[in-house]
Amino acid sequence: MSAPADPQLERAVSRWQIVGLSINDVIGSGIYLLPAATVALLGPFSLWGVVAAGIVVALLVLCYAQAASYFDEPGGSYLYAREAFGRFAGFEIGWMIWLTRISSAAALSNALADAVARFWPWAGHDLGRVAIIVVSLGFLTAVNVAGVRSAARTGVILVIGKLVPLLLFVAIGAFYVDMDLAFSGVRPDPHDLQRMGEAALLLLYAYAGFENIPAAAGEYKNPRRDIPFALITMIVSVTVIYGAVQLVAQGTLANLAASPTPLADAASRFGGEALALILTVGATISILGTNSNTMMMGPRFLFALARDGYGPKLLANVHPRFRTPAAAIVTQGVIALALALSGSFVQLALLSMTTRLFAYIGTAAAVLVLARRFRDRPGALKLPGGPLIPVLALLLCVALFVSASWQNIAAAGIAFAVGAVIYLLPRKDRPA
């Protein structure tokens, strides 16, 4: 008798579930802080900055959509860079993305405690804060270990929970918008390159997260067709939502830039404290939803790296009952919990944007190579203009990387060097 086959990942996630997951990953805590921070940097141009950022990010989204149309395997940016430029490039990008996922999970867990503390003060101090962090990370880890179906359903439920308060905010607030107020204020100096660079990175951060969706392609029913559809649907939807939220906030709350809770404060002006409370609860759900995706997608990068021979072989195992990379999920949960409780996640969180830029640069460059290699593959997405969109996306990312602070660039360089050392120490059973 032949030996039983190793358990495989289950392809269980449908097209519209991927759409929900992609929106869930992008719309997080940022939308509840973005209006104030954007006005502080761009003044009356904030709305146009938000919309322009969505259009610019669409270039990157299209690069990911095209790359995803070539592969059924998990890995995302790691896979694309590895196939285009070899093992080392792929490993480094996978490594950097995984560091971002860990720090994001730790940071979001603390942000969740802060959000809950707004209406339950006990959660903001000592044992209460620890309880919120431990319970939230433990719950999300367990949901993801139990199966990709449960993780996807949880993600879709949470995205509904985060969208309803935002849609209420826009639907009610639209009747109270003062256009003169919305476009008043001090205009920024376009020659202040540092200020413009900071605004660009802030806006890019608000749209970040879409790059994680292809990481779990091995568990999607039809990833080559459904991931491109989900990514394009997501960027259109999120840009419209962000623009509408920004307009209502600018047009209903004077001195918006000074507000620590801009949406709740604006909502209280035209919807009373009841709507402000709904927005506060929405912020809590939004943070939990984004962290749900972080705990779902992050371990897939670790699983892909381990499967290719980097790190303990245990991390490449698929659970025989749940058919998920359970060891990788639990590992990420434990490390994220330690970072969240120690507070050292703050330093890692500073790497998030420069780390993401490594992934964006790698994917945009990889598309230029993969488009030639797979140009005849049936069903592959073909972007208009040939290499034009990937080249524009690549130039954009390089410009944003250069605009980052030297501290963040140096920290990213150190992380990159640590990854290079790990790369030189692969397992003996590494696949050819």
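Scroll up for the structure.
The structure reproduced in this document is the subject of the present report. Please read all numbers here as calculations on a predicted model, not as lab measurements.

1. Concerning the overall build of the protein chain
Argument step 1. Secondary structure assignment for the protein chain yields 16 helices and zero strands.
Argument step 2. Split into buried and exposed, the 432 residues of the protein chain put 54% on the buried side.
Argument step 3. Expressed as a percentage of contacts within the protein chain between residues at least 6 apart in sequence, the contacts between residues at least 24 apart total 84%.

2. Overview of the pattern of salt bridges
Argument step 1. Per the stated rule, a full pass over the model turns up five salt bridges.
Argument step 2. Its salt-bridge partner being Asp308, residue Arg82 comes within 2.3 Å of it at the nearest N-O pair. Taken together, the positions of Arg82 in helix α4 (residues 77–85) and Asp308 in the loop between α11 (262–307) and α12 (326–342) put the pair 226 residues apart, joining distant regions of the chain.
Argument step 3. Residue Arg82 is classed as partly exposed on the basis of its relative accessible area of 21%.
Argument step 4. With a relative accessible area of 10%, Asp308 lands in the buried category.
Argument step 5. For Asp226, the salt bridge goes to Arg225, with nearest N and O atoms at 2.9 Å.
Argument step 6. Under the relative-accessibility criterion, Asp226 is labelled buried at 2%.
Argument step 7. The exposure class of Arg225 is partly exposed, given its relative accessible area of 47%.

3. With respect to the packing of aromatic side chains
Argument step 1. With the rule as written, the count across this model stands at 21 aromatic pairs.
Argument step 2. Plain terms: the ring middles of Phe88 and Phe416 are 6.1 Å apart, the flat faces sit at 85° to each other, and that makes the pair edge-to-face. With a gap of 328 residues between them, Phe88 in helix α5 (residues 87–117) and Phe416 in helix α16 (residues 406–423) connect regions that are remote in the sequence.
Argument step 3. Between Phe358 and Phe401, the aromatic rings sit 5.7 Å apart at their centres with planes inclined by 85°, giving edge-to-face as the arrangement.

4. With respect to the side chain of Thr324
Argument step 1. Its place among the elements puts Thr324 in the loop between α11 and α12.
Argument step 2. Using a relative accessible area of 0% as the deciding quantity, one classes Thr324 as buried.
Argument step 3. There is a polar contact of 2.9 Å between the side chain of Thr324 and the backbone oxygen of Val145.

5. Remarks on helix α6 (residues 126–146)
Argument step 1. Helix length check: α6 (21 residues) gives 30 Å between terminal C-alpha atoms against 30 Å at 1.5 Å per residue, within 8%.
Argument step 2. Every buried residue belonging to α6 is among Gly128, Ile132, Ile133, Ser136, Leu137, Leu140, Thr141, Val143, Asn144 and Val145, and all of these are buried.
Argument step 3. Positive backbone phi, at 150°, marks Gly147, one or two positions downstream of α6.

6. Observations concerning the packing of α6 against α11
Argument step 1. Interhelical geometry of α6 versus α11 gives an angle of 50° and a closest axis separation of 10 Å. The orientation of α6 with respect to α11, classified from their angle, is oblique. Viewed along their axes, α6 and α11 form a crossing whose handedness is right-handed. Two secondary-structure elements touch here, α6 through Ser136, Leu137, Leu140, Thr141 and Asn144 and α11 through Leu288, Asn291, Ser292, Met295, Met296 and Arg300.
Argument step 2. The class makeup of the residues in the contact of α6 with α11 is five nonpolar, five polar and one charged.

7. Details of the nonpolar core
Argument step 1. In terms of nonpolar packing, the biggest core is built from 118 residues, with Phe169, Phe210 and Tyr242 touching the most fellow members.
Argument step 2. Setting aside residues no more than four positions away along its own chain, Phe169 makes contact with Val245, Val248, Ala249, Leu263, Ala266, Ala267, Phe270 and Leu279.
Argument step 3. Membership of the second largest hydrophobic core comes to eight residues, among which are Leu108, Ala113, Ala115 and Ala123.

8. A look at the state of the cysteines
Argument step 1. Per the counting criterion, the structure on display carries zero disulfides.
Argument step 2. Free cysteine: Cys397, not disulfide-bonded; nearest cysteine sulfur from Cys63 at 8.1 Å.
Argument step 3. With relative accessibility at 0%, the residue Cys397 sits in the buried group.

9. Considering the packing of α5 against α6
What describes two packed helices is the angle between their axes and the distance between those same axes.
Argument step 1. Between α5 and α6, whose axes approach to 9 Å, the crossing angle comes to 125°. One way to sum up the angle between α5 and α6 is to call them oblique. Handedness of the crossing formed by α5 with α6: right-handed. Between α5 and α6, the contacting residues are Ala105, Ser109, Asn110, Leu112, Ala113, Asp114 and Val116 on the first element and Arg129, Ile132, Ile133, Ser136 and Leu137 on the second.
Argument step 2. In terms of residue class, the contact of α5 with α6 is made up of seven nonpolar, three polar and two charged.

10. Focus: unusual backbone geometry
Argument step 1. Non-glycine residue Asn255 carries a positive phi angle of around 55°.
Argument step 2. Given the relative accessible area of 61%, Asn255 is considered exposed.

11. Considerations on the environment of Leu314
Argument step 1. Inspection of the secondary structure puts Leu314 in the loop between α11 and α12.
Argument step 2. Counting along the chain gives 14 residues from Leu314 to Ala328, while the straight-line C-alpha distance between them is 8.1 Å.

Calculation rules
- Residues numbered from 1 in each chain as written.
- Predicted model: local features only at pLDDT ≥ 70, side-chain atom pairs only at ≥ 80, totals over all residues.
- Heavy atoms only, no water.
- Helix = DSSP H or I, 4+ residues; strand = E, 2+ residues; numbered from the N terminus.
- Buried < 20%, exposed > 50% of the residue type's maximum accessible area, 1.4 Å probe, protein only.
- Contact = heavy atoms within 4.5 Å.
- Salt bridge = Lys/Arg side-chain N within 4 Å of Asp/Glu carboxyl O.
- Phe/Tyr/Trp six-rings, centres within 6.5 Å; stacked < 30°, edge-to-face > 60°.
- Polar contact = N/O pair within 3.5 Å; in protein donor to acceptor, adjacent residues only side chain to side chain.
- Expected span 1.5 Å × (residues − 1).
- Axes fitted to C-alpha atoms, helices over the stretch in contact; angles between N-to-C directions.
- Parallel < 35°, antiparallel > 145°, perpendicular 65-115°, else oblique.
- Left-handed = near helix turned anticlockwise from the far one by under 90°.
- Nonpolar A, V, L, I, M, F, W, Y, C, P; charged D, E, K, R; others polar.
- Core = buried A, V, L, I, M, F, W, Y, C linked by side-chain atoms within 4.5 Å.
- Disulfide = S-S within 2.5 Å.

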